[in-house]
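Survey of secondary and tertiary structure
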Amino acid sequence: MKKLLVILLALAMVFSLAACGGTEPAPEGEGEGEGEVGYEIAMITDIGSIDDKSFNQGTWEGIVAYAEENEITHKYYKPTEQSTDAYLAAIQLAVDGGAKIIITPGFLFEEPIFIAQEQYPEVNFILIDGNPHNADYSVFRTDPNAVGIVYAEEQVGFLAGYAAVKDGYTKLGFMGGMAVPAVVRYGYGFVQGAEAAAAELGITSLDLKYHYTGNFDATPENQTQAASWYAEGVEVIFAAGGLVGNSVMSAAEAAGKAVIGVDVDQSVESDTVIISAMKGLATSVQDMLDAFYNGSFPGGEGLVYDASNNGVSLSMESSKFTNFTQADYDELFGMLADGSVMVKNDTAAEAATGLGTTIVKVTVVE
């Protein structure tokens, strides 16, 4: 029955997906709408646009860079809705279109890839920011034709918290989206980094407001929450929640305060963004594509991208810090990469409030 539903959804989406290049800004090399051409590399977008300055764009840019350098056909498919069936329908269209390898960005693809890896054993899958599992999380399985990639968000969260305090910020905020593991790791690391920098500087007290919005959207409620924090004295908010960041940036612009961006360099979004905690989306995608085409695809594995393999970083090229320097960053990054500095990794939703810090006073905002 599910297979039939997927086929019906796929047929219904053919016309809208075939015309995707006409309704979306068309990045160079996307190869859309060019007749009966087979596209070897396919990307299924998470719900949202290909130029979202986040996961979709970062992943697509990595695909385009690799495909153009190696003259490989490539195309993206945009599902009509955020659902497992819609994602599977788009995957089927990609397979029908000749895809040999399919890249999917975001944890919402964990269940679709769990299903698709078995349905299409002749196709390879790269799941960005997650590992395949069934609907109720009772079974995790990565087949030989798939690979899951997650990132050490706790490390780059640590870098962001440390850098902010070293630069002089003492009233901090963390506004995450949904309390999924990746978001929790960002916050967990942020608190630890702030604590470490404060200890080095001899600061005896830091205030940090902590909140999960429960969504990844730009909403009036999220903007109001951020505005109230700024009005109460918060100087900078680490916004780790997709479009939640846009709400925080709007509030920061009105208040003359600062924001720490997430996933990609978000400095182009707002002058309030002083730094971004980034994941190596393009790096990891290109690594896996290269492995696939060179016969060393790590199928069946769940990989972690961290400081040691350039999987996380701060956007120092666009940094607005005045006290935290490139030399400071290079030293700390090197210590994370070689294991000299270890950051706790706990994905429990309440983890960030159970750190037992002696300097950072964490106030959880419900």
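Notes on the structure in this doc start here. Worth saying up front: this structure is predicted, and the values here are computed from it rather than measured.

1. Considering the pattern of salt bridges
Oppositely charged side chains may form a pair once their charged atoms are brought near each other. One pass over the structure, following the stated rule, counts 11 salt bridges. The salt bridge partner of Glu232 is Lys209, with a shortest N-O separation of 3.1 Å. Here the residue Glu232 occupies a position in the loop between α8 (220-231) and β8 (236-240), and Lys209 occupies one in strand β7 (residues 206-212), the gap between them amounting to 23 residues. By relative accessible area, Glu232 is classed as exposed at 53%. Connected through shared salt-bridge partners, Asp129, Glu153, Glu154, Arg185, Asp263 and Lys279 make up one network.

2. A short note on the sheet that holds β8
With mixed pairing, 7 strands are arranged side by side in an open sheet as β12-β10-β9-β8-β6-β7-β13. Of all strands in the sheet, those with a lone pairing partner are β12 (312-314) and β13 (360-364), marking the two edges. Sheet twist, expressed as the mean angle between neighbouring strand axes with direction ignored, is 20°. As paired strands, strand β9 (residues 258-263) and strand β10 (residues 273-279) are joined by 5 bridges and run parallel to one another. Within the sheet, the bridge partner assigned to Val262 lies in β10 and is Ala277. Contacts between helix α6 (residues 153-166) and the sheet are confined to β6 (171-176), β7, β8, β9, β10 and β12, with β12 contributing the most and set at about 15° to the helix.

3. With respect to the sheet that holds strand β3 (residues 101-105)
Read across the open sheet, the 6 strands follow the order β2-β1-β3-β4-β5-β11; overall the sheet is parallel. At either end of the open sheet lies a strand with only one pairing partner, and these are β2 (74-77) and β11 (302-305). Adjacent strand axes in the sheet meet at a mean angle of 20° when their direction is disregarded. Relative to β11, strand β5 (residues 146-151) is paired through 4 bridges, and the arrangement is parallel. Paired with Tyr151 across the bridge in β11 is Tyr305.

4. With respect to the environment of Gly157
One can find Gly157 in helix α6. The buried category is assigned to Gly157, whose relative accessible area is 0%. Through-space distance from the C-alpha of Gly157 to that of Ala277 is 6.6 Å; in sequence the pair is 120 residues apart.

5. Thoughts on the pairing of strand β1 (residues 41-44)
Neither face of β1 is exposed, since Ile41 and Met43 on one face and Ala42 and Ile44 on the opposite face are all buried. Pairing between β1 and β2: 4 bridges, direction parallel. Bridge pairing in β2 links Met43 to Tyr76. Remark: the β1/helix α3 (residues 55-70)/β2 crossover connection has right-handed handedness. Two strands pair when backbone bridges link them, and β1 and β3 are joined in this way by 3 bridges, in the parallel orientation. Note on β3: the bridge partner recorded for Ala42 is Ile102.

6. Brief notes about the layout of surface pockets
It is the rolling of a water-molecule-sized probe over the atoms that shows where space remains empty. One number sums up the size of the largest pocket: a volume of about 760 Å³. Surrounding the largest pocket, 33 residues form its lining, Asp46, Ser54, Phe216, Gly242 and Leu243 being those nearest its centre. Every element with two or more residues in the lining of the largest pocket is listed here: α3, α7 (181-201) and β9. The leading source of residues in the lining of the largest pocket is α7, at 3 residues. Class assignment of the residues belonging to the lining of the largest pocket gives a composition of 13 nonpolar, 11 polar and 9 charged.

7. Structural notes on the nonpolar core
Counting 74 residues, the largest nonpolar core has Ile126, Phe174 and Leu314 as the members making the most contacts within it. For Ile126, the residues in contact, after removing those within four places along its chain, are Ile101, Ile102, Ile103, Thr104, Val147, Ile149, Met288, Leu289 and Phe297.

8. Looking at the packing of aromatic side chains
The full count for this structure, using the stated rule, is 19 aromatic pairs. When the centroid spacing of 6.3 Å and the interplanar angle of 15° are considered together, the rings of Phe158 and Tyr162 count as stacked. One end of the pair, Phe158, and the other, Tyr162, are both in helix α6, 4 residues apart, so they sit about a helical turn from each other. Among the residues examined, Phe158 registers a relative accessible area of 7% and is labelled buried.

Each value, and the rule that gives it
Residues numbered from 1 in each chain as written. Predicted model: local features only at pLDDT ≥ 70, side-chain atom pairs only at ≥ 80, totals over all residues. Heavy atoms only, no water. Salt bridge = Lys/Arg side-chain N within 4 Å of Asp/Glu carboxyl O. Helix = DSSP H or I, 4+ residues; strand = E, 2+ residues; numbered from the N terminus. Buried < 20%, exposed > 50% of the residue type's maximum accessible area, 1.4 Å probe, protein only. Pairing = 2+ DSSP bridges. Axes fitted to C-alpha atoms, helices over the stretch in contact; angles between N-to-C directions. Contact = heavy atoms within 4.5 Å. Right-handed = clockwise from strand over helix to strand, strands pointing away. 1 Å grid on protein atoms, 1.4 Å probe; cavity = no way out; pocket = protein on both sides within 12 Å on 5 of 7 lines; lining within 4 Å. Points joined across faces, edges and corners; volume = space filled by probe spheres on them. Nonpolar A, V, L, I, M, F, W, Y, C, P; charged D, E, K, R; others polar. Core = buried A, V, L, I, M, F, W, Y, C linked by side-chain atoms within 4.5 Å. Phe/Tyr/Trp six-rings, centres within 6.5 Å; stacked < 30°, edge-to-face > 60°.

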